[in-house]
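# Structural overview
Here's the letter readout for the chains.
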Amino acid sequence: CVFKTITSQTPAPTKPPTESPTNLPTEAPVTSSPTTPPTLASDPYDMKDCSGICQGSYPFGCASSLPGIVSYRCHPEGGCHYGSSLTESFPHPGFCVFKTIT
């Protein structure tokens, strides 16, 4: 019988890093493209879809046709507010304008 001796091969040691690791932040890449301005919230007096904001469905338990009224608003907690001008102030924050007449 002939036995062949198998020698174990030891992997070569890894090389140490060429630069020491650091915990310092890296610089952000510089781009030449212009940045866009932040998106501003829409005008609170603009009409919008209030579905999912106010209770129920259009007109959200509010009137939708009243004499002299041009801005119809509902509130997420219930309640309505009607404005005789498009920019009449809200009685308190949170109202959603669901209808305007111009």
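Residues numbered from 1 in each chain as written. Predicted model: local features only at pLDDT ≥ 70, side-chain atom pairs only at ≥ 80, totals over all residues. Heavy atoms only, no water.

### Considerations on the nonpolar core
Inside soluble globular proteins, nonpolar side chains tend to come together where they are buried. Cys 50, Cys 54, Phe 60, Cys 62, Ile 69, Tyr 72, Cys 74, Cys 96 and Phe 98 form the largest nonpolar core, which has 9 residues in total. Of all the elements in the fold, those that place two or more residues in this core are strand E1 (71-74) and strand E3 (96-100). (Core = buried A, V, L, I, M, F, W, Y, C linked by side-chain atoms within 4.5 Å. Buried < 20%, exposed > 50% of the residue type's maximum accessible area, 1.4 Å probe, protein only. Helix = DSSP H or I, 4+ residues; strand = E, 2+ residues; numbered from the N terminus.)

### Observations regarding the state of the cysteines
According to the stated counting rule, one finds 3 disulfides in the structure shown. Across a sulfur-sulfur distance of 2.0 Å, Cys 54 and Cys 74 are joined as a disulfide pair. Between Cys 54 and Cys 74, the S-S torsion sits near 85°, and that sign places the bridge as right-handed. Here the residue Cys 54 occupies a position in the segment before E1, and Cys 74 occupies one in strand E1, the gap between them amounting to 20 residues. (Disulfide = S-S within 2.5 Å.)

### Overview of the sheet that holds strand E2 (residues 80-83)
Strand pairing in a sheet relies on backbone hydrogen bonds, with the paired strands running either antiparallel or parallel. The sheet built from 3 strands is open, its strands ordered E2-E1-E3 with antiparallel pairing. Strand pairing shows two members of the sheet lacking a second neighbour, E2 and E3, which therefore form its edges. Each strand of the sheet is rotated relative to its neighbour by a mean of 25°, with strand direction disregarded. Relative to E2, E1 runs antiparallel, the two sharing 4 bridges. Bridging across to E2, Arg 73 finds its partner in His 81. (Pairing = 2+ DSSP bridges. Axes fitted to C-alpha atoms, helices over the stretch in contact; angles between N-to-C directions.)

So far we have only geometry, and geometry alone does not tell us how the molecule works.
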